[in-house]
Structure formats: C-alpha cells, structure tokens
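# Descriptive structure summary
These are the residues of each chain, in order.
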Amino acid sequence: MSALRMPRVASVQFKPFKAKGWGRITFLVVTSVLMLVPMYLLITSAFKSQQDILQHPFSLAPDQLTTEYLRKAATNPDFNILKGYAVTILFVVSVNVLSVALAGPVSYVIARRSERRYRMLLLLFVAGTFIPSQVLVIPVVYTLKFLGLMGTIPGFVLFETTLTLPFSIFLYAGYILTIPASLDEAAAVDGAGKHRVFWSIVFPLMKPAVVTMVILNTFSVWNDFVNPQIILGPGSGLYTVTTGVYAAVSQYSTDYTVVFPTLLLAVAPLLVVFVLLQRHVISGLTAGATKG
C-alpha cells in the first residue's frame, strides 16, 4: 500500500516594505528646506536694511549687506547682550551641575536594583517627561513664594533642574544597564563603597550619555522664555537671552533692522555649539541601544 502524499502548500514569504530611493531623497529635501529656509532668512536679514528685507527677502547681493544693524543690536541700550549671555550661562552651568549630581546617583540605584518598586520608580520619572512645564508654573510659583525663593536665582535654578531630571534619569538608567555589573562587584571586593563605585567606575563610562544631556539641557535653558519671565520677573533685574530679546524688540516689532540682528545674536552661540557637538548628541542617544 503506497503512502498517502499530502498536497504541497506553497509558502508565502512577506518581504519588508522599503521606501524607494527617490522617496527618501524627497523627504530629506523637503525637511531640509523647511528647516533651513527660516534660518537663512534670519541670518541674511540681520545684514539688510528694512527696505531690502521687505522687497528682496531671499536676495544675497553683496551691495545689500551691512554690519551696521548688527553693531547697533550689540550696543542696544534696551538690552545688554553681554549681560544676557553671562546670566544665561550662569543658569546653564548651575542647572547642568545640579542635574548630573542628582540624576546620576538616582539612575545608578534604579538600574542596579531588580526589585519591582525601582521599575515603578523609573516609570514615574518617565511619566514626568509628558507633563508640560507650563502646567507646573502655578504650583511652583506658590511653592517658591512660600520658601522665599520667588524672583531669585536659586529658585529659578531649582525649577529648571527639576524639569531636566525625568529625561536625564531615563537616559542615564538605560545607559547604566549596558555597563556590566561585574565592574561594580570587582570594585566592591577591593573595598570601594557605593558612592565611590559610581563616581569612580560607572560615571566615567557614562560620558556619551552625560554629554548628550548637558547639550540638551543647555538648549532647553537657553531657549526658555516663559519660566524666567514668570519666576524671575522684571522686578529682579535679571534678563536671560530670550527675555532680554523680548524686552529689546517688543517695542520695535515692525522694525526688522532691530528684530533680526538681535535674534541672530541670541541664537548664534547655540548654532555654534550645535554645529560643533551635534555628533555627540546622536552618539549619546544611540549608545545605550548599541553598546555591548
């Protein structure tokens, strides 16, 4: 008796969909144009007269360009740009130092503990990344007034540092998980305590993630407008770059020879920092996913 033969069923293989080359190129070109055209207009308009800005916004003729308006913006009596730089850099450095000092050890504890409560604690911090800072302004104002920190540098620095903690802890914890725990055990055998293990062994290995967060926090603090405007207020006499720009150009909103040069002076340091360090941002954000 011959064996029964079952009919052969053809296997179906699904191939992943891949965008064609022209589709990717089109997407990149459109995205680049949307991002670069406003920046081009900002830079070129800072060197033009009011008439040229209105009649020839995209023109780059050498005879239309002048540094006169940029010099006037740098010496604008309504806004001392050097003082704005100094105050903003003070806030940037203070927030970054506090953020690293607080988020680093917390992330280390969360990453090295396997108990459920530490996983829940991480989720709690991650949930904090979805809360807009504007929602927190009213309770923060009441808290700072109660503590006597409203309109002060420590009050503003503490609030800005708090805003950086959720994402910093999330990124640091994910990166620490890629660092072998055997390094901690070896250091502990040599007599190192938990604090020394973190700051001497683990923290130096976190350089890509730390550099990434320092850059992102710098951008966040430098570009923040609402929080310093409310927490510091005009009565404090302290102006960041963004609040100083607002004070300088609000009464000249239709005079583009004041608006564009002042805006360019405000964003120029960030443009330089981004061009020089953008590769560190990309490597830091992807290191935790590819390391090891």
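Please refer to the structure higher up on the page.
Everything in this summary refers to the structure shown in the same document. The model shown is predicted, which means the values in this text are computed figures rather than measured ones. (Residues numbered from 1 in each chain as written. Predicted model: local features only at pLDDT ≥ 70, side-chain atom pairs only at ≥ 80, totals over all residues. Heavy atoms only, no water.)

## Examining a nonpolar patch on the surface
Our working rule: Patch membership requires over 30% relative accessible area and the absence of a salt bridge. Like charges are linked within 9 Å, and nonpolar side chains (Val, Leu, Ile, Met, Phe, Trp, Tyr) within 5 Å. Here the accessible surface of atoms and residues is derived via Shrake-Rupley with a 1.4 Å probe, and residues count as covered only by protein chains that are part of the display. By definition, a salt bridge exists where a carboxyl oxygen of Asp or Glu is found within 4 Å of a side-chain nitrogen of Lys or Arg. Each helix is a run of DSSP H or I of at least 4 residues and each strand a run of E of at least 2, with the numbering of both proceeding from the N terminus. The cut-offs for exposure are 20% and 50% of the maximum accessible area for each residue type, with area from a 1.4 Å probe on protein chains only; residues under the lower value are buried, those over the upper are exposed, and the others partly exposed.
The grouping of I25, V29, V33, V37 and F58 at the surface amounts to a nonpolar patch, some 440 Å² of accessible area in total. Summarising the element assignment, I25 is placed in helix α1 (residues 21-45). Residue classification places I25 among the exposed positions, given a relative accessible area of 54%.

## Thoughts on the packing of helix α4 (residues 81-112) against helix α5 (residues 116-128)
Here is the rule we go by: Axes here mean lines fitted to C-alpha atoms, for a helix over just the part in contact, with angles spanning 0 to 180 degrees between N-to-C directions. For classification purposes, angles smaller than 35 degrees are called roughly parallel, those larger than 145 roughly antiparallel, those between 65 and 115 roughly perpendicular, and all remaining angles oblique. Working rule for handedness: look at the near helix, and if it is turned counterclockwise from the far one by less than a right angle, call the crossing left-handed; if clockwise, right-handed. Contact between two residues is taken to exist if any of their heavy atoms lie within 4.5 Å; hydrogens are not considered. The nonpolar class holds Ala, Val, Leu, Ile, Met, Phe, Trp, Tyr, Cys and Pro. Asp, Glu, Lys and Arg form the charged class, and all remaining residues, Gly among them, are polar.
Running from N to C, α4 and α5 point in directions that differ by 135 degrees, and their axes come no closer than 8 Å. Considering the angle they form, α4 stands oblique to α5. The crossing of α4 and α5 is left-handed. Judged by residue contacts, V106, V109, I110 and A111 of α4 engage Y118, R119, L121, L122 and F125 from α5. Its residues placed into classes, the contact of α4 with α5 shows eight nonpolar, no polar and one charged.

## Structural notes on the packing of aromatic side chains
Rule in force here: Only rings of Phe, Tyr and Trp enter the pairing, Trp through its six-membered ring, and a pair is recorded when the two centres are within 6.5 Å. The plane angle decides the type: under 30 degrees is stacked, over 60 is edge-to-face, the rest tilted.
Applying the stated criterion across every chain, the model contains nine aromatic pairs. Measuring from centroid to centroid gives 6.0 Å for F198 and F203, while their planes differ by 55 degrees, and the two rings are tilted. A connected cluster of aromatic rings, assembled from ring pairs, spans Y108, F198, W199 and F203.

## Some points on helix α10 (residues 207-223)
What sets the pattern is the α-helix's 3.6 residues per turn: residues three or four places apart point alike. Which entries qualify depends on this criterion: One fewer than the residue count of a helix, multiplied by 1.5 Å, yields its expected span.
Under the 1.5 Å per step criterion, the end-to-end length of α10 is 24 Å for 17 residues, consistent within 8% with the ideal 24 Å. When we look at burial in α10, the residues that qualify are A209, V210, T212, M213, I215, N217, T218, F219, V221 and W222.

## Structural notes on the packing of helix α7 (residues 153-176) against α10
Contact geometry for α7 and α10: axes closest at 10 Å, N-to-C directions at 155 degrees. Taken together, the axes of α7 and α10 lie roughly antiparallel to each other. The handedness of the crossing between α7 and α10 comes out as right-handed. Side by side, α7 and α10 meet where E160, T164, F167, S168, L171, Y172 and Y175 of the first sit next to P208, A209, V210, T212, M213, L216, N217 and V221 of the second. Residues belonging to the contact of α7 with α10 are distributed by class as follows: ten nonpolar, four polar and one charged.

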